[in-house]
Structure formats: structure tokens, C-alpha cells
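Architecture and fold: a report
Take a look at the letters that make up each chain.
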Amino acid sequence: MKAHHILVGLLLADASVTLCAQGSAAATGLPPVEVTGSRIKRAEADTVSPVLVLDQEDIRRTGADTLKELFERISNVGNAVPDTGGRGTFAAGSSQAGLRGLGAKSTLVLLNSRRVAPYPLAEYSDIFTNIDSLPLEAVERVEILRSGGSALYGSEAVAGVINIITRPGYQGVHARASAQRSDKTGNFRSESASLTAGFGDLATDRYNVLTNLEVYHRDGVVWSEVLSFVNPKATAPFPSFGTPSTYSYPGNVLPAGALPGCDPALVSGGLCRYDRYQRFEAMPAAKRVNLMTAAKFKLDGGLLGFAEALYSNTETTYLSAFLPYGPALPSVVWGNPSNNEIRTFTYRGLPAGHPLNPTGQDDAELRYRFIDGPNDTTAQASQYRVLAGLRGTYQAFEWESALGIMGGRADQRSRGLFSDSGFRQVIGNYEPGQVDPQFFNRDYRIGQPNSAATLNTLFPEYGYRGSTTETFVDGKIAGEVLRFQGRPVAIAAGFDLRHQRFAVKPSDKLRTGDIVGEGLTASDASRTHGALFGEVNLPMTADFELQAAARLDKFPGFAAHLSPRLGMRFEVTPMLKLRGTVESGFRAPNLSESATSTRFSSIPATSDPKRCSQAQALARDLRAAAATLPATDPNKILLAARADGVTNAECIAVLASIVRNNPNLQPETSRNATVGLVFQPVHNTDLVLDYWQIQRKNEIGLQDLRTLLPKEDTLAPGIITRADVSADRTFTPAERAAYGVAAGPLVSLTGAFENELRTQSAGIDFAINSRFKTDVADLALRINGTYLTKLQYYSAALGRFGDNLVGRGGASRVRTDISAVATRGAFTHGLTWNYTSGTTLNGDYYDTDFNVAGCAARGWSADQCRQGALHYWDYHFAYAEGKGLAFGLNIRNVFNTRTPINLRGILAGGGGIIPQDYVDVMGRMVRGTVEYRFW
């Protein structure tokens with residue numbers, strides 16, 4: 001029986017097993033509190049909604065230094081997109097958190113129950129919260145509402161809400177510093193430090209002020225530093241992995257060989273070689289500063305004044321490989337936004353009269369690398385939020401109102417890609433068929449020193465400047481309005497009024513399409529929108545209560561939208577409580593999706609059904625021919641390199657995407673439902689099971705190229721564009737005839753944002769927690785996780801939903817963490833087992849490249865055609881006793897367990913050349929922490 005079947009069977013069969021609480025037991029005698037998922041304070045935490053609560057100790061045990069690290073270690077958060085993969089994106093230098101696999105734009109992140117400013121750059125069209133800009137050390141707890149939250153919190157909360165609560169009433173001064181590194185490689189270092197100070201007792205001094213300052217630093221890592229630690233099983237299917245490149249400096253001219261000036265130690269088989277891994281980046285460098293201040297003041301008349309100020313500055317630096325050049329490389333297709341023209345950069349060789357061309361032939365193949373040019377990106381962002389408000393009582397009601405402003409600015413600056421005009425000026429005309437006897441014999445000189453002016457002309461700076469501002473005023477009132485059969489009926493009502501402005505402005509070089517191969521996104525829009533919300537908690541009997549809520553949102557250009565929600569809670573016995581919710585949600589088009597603009601980008605990792613199988617056949621023959629040659633023959637290297645090139649060009653092809661604005665976009669809508677139970681078989685042991693289901697329709701997005709390609713011949717002209725077969729740079733005319741290639745290479749896909757997409761997903765969240773005392777120590781045992789049962793995307797090509805993707809395409813069926821914590825006096829030890837079930841590599845119905853037959857065509861075994869289960873152990877140790885010194889130790893992946901191999905990810909992310917899994921290379925990570933509480 002499979003491991004996940006055994007796990008679920010144990011959970012259902014033995015409810016008395018000691019495992020995880022989330023929002024836990026009855027709180028008799030405790031003051032009412034407001035928990036995410038309801039605007040009404042209550043004395044019990046068994047709410048109608050499934051809410052995962054992580055307190056300070058839970059957070060410390062994960063060993064996380066940032067919120068991004070924390071969310072990566074919570075099994076049912078869903079997905080967190082880190083800043084480490086941001087190079088080449090439209091919103092580099094940011095990290096996102098998402099729930100239920102619906103993405104960051106459908107997950108609402110709050111700080112103290114209020115919104116924070118979105119990241120000032122959009123990821124293409126997605127606007128989201130950058131969790132790297134939020135503090136961690138000042139956090140009291142994190143509450144994760146795992147049902148939809150649109151009815152209470154607003155449009156973005158389709159998938160749920162993450163609410164970060166800072167420490168209330170904190171007094172004292174507390175300093176903390178930590179450092180981590182890989183025990184396996186010695187790399188992947190990071191350090192953080194924080195200072196938290198709280199002054200004043202609200203009860204006696206009539207004020208309390210909390211200030212927290214956090215700084216974070218992470219070293220960058222390139223693959224050449226850690227290449228020897230890459231799992232050899234992950235690279236075995238890729239013969240060219242780890243090999244140096246023939247695109248080198250000062251270069252090669254074929255078939256003559258290395259150009260003069262190449263270091264003899266770098267010459268192999270008569271060719272000059274280059275270690276490309278010294279610029280392939282595994283981890284970018286990062287620096288962050290977060291500052292937060294929160295204050296509360298008792299005023300006359302029973303009023304409480306409060307204020308918050310949040311500021312963050314983040315900077316991430318990305319390195320990329322120096323740009324290679326050579327006619328064997330595939331043409332680069334991109335667009336000119338100024339006139340919507342598709343442009344093609346074609347690599348050409350040296351003319352016959354060039355001084356470095358000894359062949360006497362025109363267009364002699366040059367293989368070169370611009371190591372004298374830059375190739376880096378810096379993303380720097382500053383974000384803020386400032387608010388002030390009042391809280392008070394009116395008769396039996398508590399009320400609160402606040403106003404504030406939040407926003408930010410981000411600059412993303414890059415160098416390293418050709419300027420089209422600059423290339424023509426300092427190198428020459430690259431267009432096929434054009435005679436240019438001075439090609440590569442102008443200002444830029446191959447393998448020689450070049451001036452800064454020449455390099456700036458060839459590799460100019462380009463990028464984006466983003467800015468966002470949002471002003472708001474909100475208010476709410478809550479309290480008991482009447483009694484129904486002797487039981488209190490509580491209500492809450494409120495409003496939220498906001499004015500937003502969001503602008504992403506590309507540099508002139510991007511706006512005119514001058515940067516070869518680079519896309520474009522732009523926005524400049526504003527709007528004012530508001531909402532009214534209400535909630536009522538109605539105890540029908542002593543054991544059964546209903547909760548109803550609704551939110552009325554009004555966005556300009558759309559009719560007012562009502563999002564209702566109904567919940568129930570039924571106490572069957574003191575040990576067993578049932579609960580459930582049904583909710584309707586929606587998400588209005590954001591200011592990027594609704595902005596009037598045309599976007600250009602690249603669609604990567606696309607297998608061409610009309611050319612991929614032929615490319616694979618050609619590659620097999622090229623490798624077979626290379627295998628017969630001696631190591632000293634330069635053709636051995638060239639044949640193997642060409643084999644990689646033809647499969648990369650046609651089986652992970654990159655083509656241009658042109659997306660135009662759609663003024664007729666409508667809001668997305670959703671239906672969320674949960675039903676669950678909270679079971680307490682014995683004192684201090686809780687079992688929580690919640691079944692959830694989400695159906696989202698009218699999703700704003702683009703039709704997937706993979707669904708369009710199989711029906712390409714039935715599409716209207718202009719949606720998918722191919723070059724004429726005579727322009728083929730992968731196959732020679734003889735090879736086209738031999739391998740049956742009749743279609744030209746893919747060039748572009750043209751479309752618009754549409755409301756045609758849908759998603760449906762379902763699963764079971766499980767959590768069991770037990771705490772008990774023994775003569776040796778206080779013990780806490782828990783499990784937390786998700787069992788996914790359904791994940792389907794609608795296919796316009798089929799007119800129905802596609803396959804259930806659970807268990808394949810990276811959609812793991814089970815994600816869970818099991819932990820045990822022992823505390824004795826000032827000492828705490830914790831051990832956590834993290835598990836994610838394996839998946840096959842293939843995706844939806846259209847994915848024939850990575851099913852069993854597709855993998856076999858690549859020469860991959862059935863085991864290589866899947867990604868195995870991920871499991872590893874973490875250890876936590878802490879010493880803390882009152883004021884003074886405290887220290888801790890976190891060891892992640894104690895036993896240096898290898899992460900599962902994903903050959904598809906290696907192929908798609910780096911063509912089998914660049915390793916993708918830096919987590920596996922990191923291995924065991926060790927973090928030490930020192931703290932001191934002054935008073």
C-alpha cells in the first residue's frame with residue numbers, strides 16, 4: 001500500500017493518535033478575541049472556518065529567518081514563489097505566498113488585519129504582496145484562513161487569507177542574531193539580526209510603543225562553486241551537463257579552431273573552451289531592512305488611539321551567464337511595442353575578408369562569448385504603510401476606525417542583452433542575406449579590449465520603475481444586539497474605502513523594442529473602490545450556531561458585487577464539534593490586467609508537435625556519430641553540442657507572446673465550501689479534519705499554448721505564427737527531407753486576456769495536536785497537512801475540464817509535517833518529519849512529451865519519468881530562561897537526504913545544462929541563533 005494511503009488510513013482509523021491543533025480548545029474564562037475568519041470577537045477558538053494558527057514557538061521551531069522561509073515549511077500554505085528565481089521575471093527581488101495552488105493574486109496577505117502595499121512591480125499582470133517586506137521577529141502569531149475570505153476581507157481573498165499579527169503590549173528590549181550555512185558545501189550563507197523594543201504599560205502608563213528593526217543578508221552562489229555536489233543521477237540523462245562551452249573567449253572559428261590568445265589550458269580538441277558555470281547562478285545575493293513601529297494610547301472618554309508605521313527596503317542582485325554568440329544558436333524573436341512589429345535577431349558568421357576568418361569562406365561560424373560585457377540585474381524596492389485610528393465603545397458595541405496611506409517604489413535595472421541599434425552600430429547588420437564586409441570589424445573587436453563607450457552602446461541599461469500608492473479609510477462596529485432564546489446574537493458591520501494607483505513604466509530601450517529578446521509589461525492606472533460588509537452570529541440552540549456574512553464591493557466599470565457566506569458550528573458532544581462554510585467570492589481585474597497596454601514576453605519550455613520528434617531523432621543520430629569519434633577530434637564536441645541545440649530549439653522552444661488589452665474583462669467568481677470536525681478524544685488532544693472544495697470560473701488569463709498547438713491547423717490565422725520552412729536554422733534541407741520536417745519553426749503567439757479559464761480543486765486538511773506532561777519533560781506531538789483529491793483546469797479545446805492532475809505534474813497528493821517537541825526547564829528539543837508525495841512528470845491530457853511513451857522516446861526509464869517523494873528531518877534546540885542570554889540551533893535536513901529528481905525541471909529550466917535544484921545541493925543547513933533580553 002502506498003505511503004499516503006497508509007497515512008490517511010491511520011488518521012481516519014485512530015482519532016486518538018496524538019497530533020496537531022490549530023486553533024484549539026475551548027477557552028473558558030479567557031477574554032474574547034478576534035480570529036481571522038470572523039469580525040466578531042468570541043471566547044472560543046473553534047470557529048466555523050478552518051484557521052491554522054502558528055504562534056512564536058511554532059515559528060521558532062521551523063528555523064525560518066523570513067516569512068518566505070516560514071511559508072515554505074508549512075505544508076498546507078500551498079505555494080510560495082521565492083525571490084531566488086526572479087532573474088528574467090518582470091518582478092525580480094520579491095517573494096510571493098499563495099494558497100490552494102490558486103496563486104498569489106488570489107491570496108490576501110494582511111498585517112494586523114489590514115492590507116499592506118502590493119509590490120510596486122507586476123509579475124507580468126499579477127499584482128501581489130511581497131512577503132520579504134514584512135517583519136518576522138515582531139510577529140506574535142500567523143493566522144491562515146484556508147477557506148475563501150472574499151465575504152469578509154475583499155476581492156483578492158478567493159483562495160484564503162494570511163494574517164500576520166504583531167506582538168500586542170510588548171515590554172522589554174530584545175536583540176537577536178542568527179547565521180546559517182550549508183554543512184554540505186559551506187555555501188548558501190545568510191545572516192540576520194533584529195532589535196525589538198517595547199515601552200509602556202497600557203494599563204498603568206496609558207501607552208505602549210513597540211519598535212522592531214530587522215536586517216537580513218544573503219550571499220550569492222554560482223554553480224561552479226557547488227557543481228561537484230549535484231546529484232549524478234539527475235545529470236546522467238544529459239551528456240553535456242557539466243562540460244565547458246565552445247562559446248568562449250577569445251572564441252573559435254569553425255572549422256579552423258581556437259582563435260589566437262586562448263589560454264592553452266582551455267584548449268581541448270583544438271577548440272577554446274569556457275567554464276559557463278562560473279556565471280550560472282544558484283542563489284542571488286540579497287539585502288533587506290524592515291522597520292516597524294506600533295503604538296497605542298489611552299485617551300479620555302474611554303478612547304484608545306493606535307498608530308502603525310512600516311518601512312522596508314529590499315535589494316536583490318542577480319548574475320547571469322555572459323552572452324554567447326554563434327550562428328548555431330537559434331534566432332531570437334521579440335517584439336517592438338512601439339509598432340507591434342515582430343522582430344528576429346539572426347546570428348551570422350564572419351565575412352570572408354575578416355582578419356580572424358582563416359577559412360576564406362563567407363559567414364564562417366564564430367563561437368564567441370562577451371565576457372567583457374555585463375550581465376546582471378539589480379532589483380531594489382522601498383515600501384511603506386502608515387496608519388492611525390481610534391477604538392472605543394458605544395453602549396454595548398465596540399467600534400474602530402482608521403485611515404492611512406501605503407505604497408512603494410521599485411527599480412529593476414539590467415544589462416547584458418544586445419541593443420538592436422547598438423549591435424548594428426558597433427558590430428554590424430545581422431540580417432540574413434545582407435552584405436556587410438565590416439561585420440565584427442567595427443568599434444567592437446573580438447577578443448580585444450573594448451572601450452566602456454562601445455560596451456555601453458552594445459549592452460545598455462534597461463528595466464522598469466514601478467510605483468504604487470493607496471490611501472484608505474475604514475471602520476467597523478461589533479457587539480451584541482439582542483438575545484434569541486436567552487442566547488446573545490452578535491453582529492459586526494463596517495466599510496472600507498480606497499483609492500489605488502499603480503504604475504509600471506519601462507525604460508525607453510524597452511518601450512521602443514531595442515533590447516533583443518526582452519519582453520515588455522506596462523501599466524498606469526488608478527481607481528477608487530469601496531465595500532460594505534456585515535456579519536451576524538446567531539446561536540440557534542445551546543449547541544448549534546449559524547454565522548452569516550456578506551460583503552458588497554463596488555469597483556469602477558463593474559456592477560456592485562455581493563459575496564455572501566454562511567457558516568455553521570454544531571457541538572455534538574463536548575468532545576466532538578462539526579463545522580462548515582459555503583461562500584461565494586470574486587476577484588475584480590487588477591490595475592495591471594485592466595490597464596490599456598500591449599505586453600510582449602517569451603513563452604518558454606514549449607514542445608513543438610510538428611518538429612520535436614524529428615529533432616529528437618536527429619539528436620540521437622548526432623550523438624551516435626559523436627560516440628564513434630576520438631576525444632581529440634573537435635567534431636566530437638561539436639556534434640554533441642548540436643544534439644543539445646536541436647532538441648532545445650524544438651522540444652523546449654521559446655517563442656514570442658503578444659498580449660493585447662481586453663476592455664471587456666469581467667471579474668472572476670468562485671464558490672468555496674468546507675465541512676469539518678474538531679474532535680477531542682482526551683484532554684489536550686485535538687483532531688481536526690476539514691474537507692474543502694473550490695470552484696473558480698471566469699478566470700482572467702491566457703489560453704495555454706500547449707492546448708492550442710494540437711489544434712493549430714483549425715485556429716484563425718495570426719494566433720500561432722511560424723516562420724517559412726526555408727528559414728529553418730535547426731534542420732538542413734537534407735535533414736528536413738530525411739526526417740520528414742514540413743513545418744517551419746514557431747515564431748509567436750498572439751492573444752488577449754480572457755475570462756475563459758476555470759479551476760476546480762478539493763482536498764482534506766488534517767491536523768492533530770496533543771500536549772501532555774511526563775516526569776521527564778513536557779511533550780507536544782503534532783501532524784499538519786493536506787490530502788489533495790482534485791485539481792482540474794478547464795480546457796477550451798475540449799469544452800470541458802481536463803484530467804485530474806493530482807499525483808502528476810507536480811501536484812502532490814499529500815503534503816504533511818509531523819513534529820515532536822520536548823521541553824524541560826529552559827531546554828527545548830524538537831524533531832520534525834516533512835513529507836511530500838511523489839508525482840509523475842506528465843501534466844494535463846495534452847502532455848504527450850512526458851507520459852510513459854514520451855519519456856521512452858527520450859530514452860528515460862519509468863522511474864526517471866516521475867519525481868519521487870520528498871522527505872527529510874529537521875531538528876530544533878533552544879535554551880531560554882527568563883531574561884538574559886538565550887540561544888538556539890536549527891538543523892534542516894538532518895540526514896542530508898537527497899531531494900527527488902525532476903528531469904523535466906532540469907530540461908525545461910536549463911536544457912539539461914543548468915542544474916535547477918539548489919535545495920538538493922544545499923543538503924544539511926545549520927542555523928545558529930543568539931538572543932539577549934535586556935529587560
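Note that the structure is predicted; figures quoted are calculated from it, not measured.

1. A few points about the overall build of the chain
Across its full length, the chain holds 16 helices and 46 strands. In summary, the chain has a C-alpha radius of gyration of 30 Å against a globular reference of 30 Å for 935 residues, a match within 12%. Its C-alpha atoms give the chain principal-axis dimensions of roughly 100 × 60 × 55 Å. Each of the 935 residues in the chain was classed as buried or not, and the buried ones make up 54%. Long-range contacts, defined as pairs at least 24 residues apart, comprise 73% of the intrachain contacts of the chain with a sequence gap of at least 6. Carbon and sulfur atoms make up 58% of the accessible area of the chain, which totals about 37200 Å².

2. Focus: the sheet that holds strand β6 (residues 139-145)
Judged by pairing direction, the sheet is mixed, and its five strands sit side by side in the order β1-β6-β7-β4-β5 without closing on themselves. Each end of this open sheet is capped by a strand with a single partner; those strands are β1 (51-55) and β5 (114-115). By the bridge criterion, five bridges tie strand β4 (residues 107-111) to strand β7 (residues 160-166) in an arrangement that is parallel. Bridge pairing in β7 places V109 opposite I162.

3. Some thoughts on helix α10 (residues 612-627)
Taking 1.5 Å of rise per residue, 16 residues should cover 22 Å, and α10 covers 22 Å from first to last C-alpha, within 8% of that figure. Considered for burial, the residues of α10 that qualify are C612, Q614, A615, Q616, A617, L618, A619, L622 and A626. For α10, the elements touching its buried residues are α11 (634-651), α13 (733-739) and α14 (852-857).

4. Here's the deal with unusual backbone geometry
Put simply, Y249 and P250 share a cis peptide bond, and its omega is 5°. In this structure, the amide linkage connecting L254 to the following residue, P255, adopts the cis form with an omega of 5°. With respect to the secondary-structure elements, P255 resides in the loop between β12 (252-254) and β13 (257-258). Despite not being glycine, N684 has its phi angle at roughly 70°, a positive value. A relative accessible area of 37% places N684 in the partly exposed class. Positive phi values are uncommon outside glycine, yet N893 reaches one of about 60°.

5. A closer look at the state of the cysteines
Within the structure shown, the criterion is met by three disulfides. The residue that forms a disulfide with C855 is C865, at a sulfur-sulfur distance of 2.1 Å. Torsion about the S-S bond of the C855 and C865 cystine: about 70°, corresponding to right-handed handedness. With C855 in helix α14 and C865 in the loop between α14 and β43 (866-867), this residue pair connects regions lying ten residues apart in the sequence. For the residue pair C855 and C865, the accessibility class agrees, reading buried in each case. By sequence order of its bonded cysteines, the chain has the disulfide arrangement 1-2, 3-4, 5-6.

6. Side note on the sheet that holds β13
Pairing is antiparallel in the open sheet, where four strands are placed in the order β13-β12-β22-β19. Unpaired on one side and paired on the other, β13 and β19 (324-325) mark the two borders of the sheet. Bridge analysis of β12 against strand β22 (residues 365-369) gives three bridges, and the strand direction is antiparallel. When the sheet's bridge partners are listed, L254 is paired in β22 with E365.

7. Concerning the packing of aromatic side chains
Under the defined criterion, the tally for this structure stands at 41 aromatic pairs. Considering the side-chain rings of F370 and F440, the 6.4 Å spacing of their centres and the 25° angle between planes classify their relative orientation as stacked. One end of the pair, F370, is in the loop between β22 and β23 (376-394); the other, F440, is in the loop between α7 (420-426) and α8 (452-458), and 70 residues separate them in sequence. The exposure classification of F370 matches that of F440, with both residues buried.

8. Some points on the nonpolar core
If you look at the biggest cluster of nonpolar residues, it comprises 57 residues, and the most contacted ones within it are Y325, F370, F418 and F440. Within the residue set of this core, elements represented by two or more residues are β22, β23, α7, α8, β25 (462-484), β26 (487-506) and β32 (653-660). Residues in contact with F440, not counting those within four places in the same chain, are Y325, L350, H354, L366, F370, I427 and I446. Grouped together as the second largest cluster of nonpolar side chains are 37 residues, V116, L134, V139 and A294 included.

9. A look at the confidence of the model for the chain
On average, the chain scores 87 in pLDDT, and the residues at 70 or more come to 95%. The secondary structure element of the chain with the lowest average pLDDT is helix α1 (residues 3-13), at 39, and the one with the highest is α7, at 97. Here residues 3-30 scores under 50 on pLDDT; set against residues more than four positions off or in separate chains, the count is 70 contacts.

10. Quick notes on the pattern of salt bridges
If the charged atoms of two oppositely charged side chains come close together, the side chains can form a pair. Scanning all chains against the criterion turns up 59 salt bridges. Two residues, E431 and R424, come together in a salt bridge whose shortest N-O distance is 2.9 Å. Measuring nitrogen to oxygen at the nearest pair gives 2.9 Å for the salt bridge that ties D728 to R611. Here D728 is found in the loop between β35 (720-722) and α13, whereas its partner R611 is found in the loop between β31 (598-606) and α10, with 117 residues between them in sequence. The class for D728 is buried, based on a relative accessible area of 10%. Given a relative accessible area of 0%, R611 falls into the buried group. It is possible to trace a salt-bridge network through shared partners that takes in R60, D65, E69, E137, R167, R176, R927 and E931.

11. Quick notes on the environment of R288
Mapped onto the fold, R288 is located in strand β17 (residues 285-298). On the basis of relative accessibility, which here comes to 5%, the residue R288 falls in the buried class. Sequence separation between R288 and L202 is 86 residues, and the spatial gap between their C-alpha atoms is 32 Å. Aside from chain neighbours lying at most four places away, what touches R288 is T66, D83, D132, E214, V215, Y216, R218, N313 and T314.

12. Describing the side chain of R722
Summarising the element assignment, R722 is placed in strand β35. Within the local environment of R722, its side chain forms a polar contact with the backbone oxygen of G744, the two atoms lying 2.8 Å apart.

13. Digging into the packing of α10 against α11
Look at α10 against α11: their axes get within 8 Å of each other, and the N-to-C directions meet at 170°. Taken together, the axis directions place α10 and α11 in an arrangement best described as roughly antiparallel. Counting all contacts with α10, which are made through C612, A615, Q616, L618, A619, L622, R623, A625, A626 and A627, the residues of α11 involved are K636, L639, A640, R642, A643, D644, V646, T647, E650 and C651. By residue class, the composition of the contact of α10 with α11 is 13 nonpolar, two polar and five charged.

14. Section: the side chain of D728
Within the structure, the side chain of D728 is placed 2.8 Å from the backbone nitrogen of T730, a separation counted as a polar contact. Of note is the side chain of D728, whose polar atom sits 3.2 Å from the backbone nitrogen of F731. Among all residues touching D728, those that are not within four sequence positions of it are R611, R736, V741 and P745.

15. Thoughts on the pairing of strand β33 (residues 668-682)
Sheet topology note: the strand β30 (residues 576-587)/β33 ladder contains twelve bridges and is antiparallel. Bridge pairing in β33 links S584 to R671. Where β33 lies against strand β34 (residues 685-701), twelve bridges are found, and the strand directions are antiparallel. Note that in β34 the partner of V678 across the bridge is V688. Two successive antiparallel strands, β33 and β34, enclose a turn made up of two residues, where N684 displays a positive phi of approximately 70°.

16. What about α11?
Between the first and last C-alpha of α11 there are 26 Å, a value that for 18 residues agrees with the 26 Å anticipated at 1.5 Å per step. Within α11, burial applies to I637, L638, A643, D644, V646, T647, A649, E650 and C651. Capping the start of α11, D633 holds a side-chain oxygen 2.9 Å from the backbone nitrogen of N635, two or three residues further along.

Parameters at a glance
- Residues numbered from 1 in each chain as written.
- Predicted model: local features only at pLDDT ≥ 70, side-chain atom pairs only at ≥ 80, totals over all residues.
- Heavy atoms only, no water.
- Helix = DSSP H or I, 4+ residues; strand = E, 2+ residues; numbered from the N terminus.
- Rg over C-alpha atoms; globule rule 2.2 N^0.38 Å.
- Buried < 20%, exposed > 50% of the residue type's maximum accessible area, 1.4 Å probe, protein only.
- Contact = heavy atoms within 4.5 Å.
- Areas by Shrake-Rupley, 256 points an atom, 1.4 Å probe, with all protein chains shown as cover.
- Pairing = 2+ DSSP bridges.
- Expected span 1.5 Å × (residues − 1).
- Disulfide = S-S within 2.5 Å.
- Phe/Tyr/Trp six-rings, centres within 6.5 Å; stacked < 30°, edge-to-face > 60°.
- Core = buried A, V, L, I, M, F, W, Y, C linked by side-chain atoms within 4.5 Å.
- pLDDT = per-residue confidence, 0-100.
- Salt bridge = Lys/Arg side-chain N within 4 Å of Asp/Glu carboxyl O.
- Polar contact = N/O pair within 3.5 Å; in protein donor to acceptor, adjacent residues only side chain to side chain.
- Axes fitted to C-alpha atoms, helices over the stretch in contact; angles between N-to-C directions.
- Parallel < 35°, antiparallel > 145°, perpendicular 65-115°, else oblique.
- Nonpolar A, V, L, I, M, F, W, Y, C, P; charged D, E, K, R; others polar.

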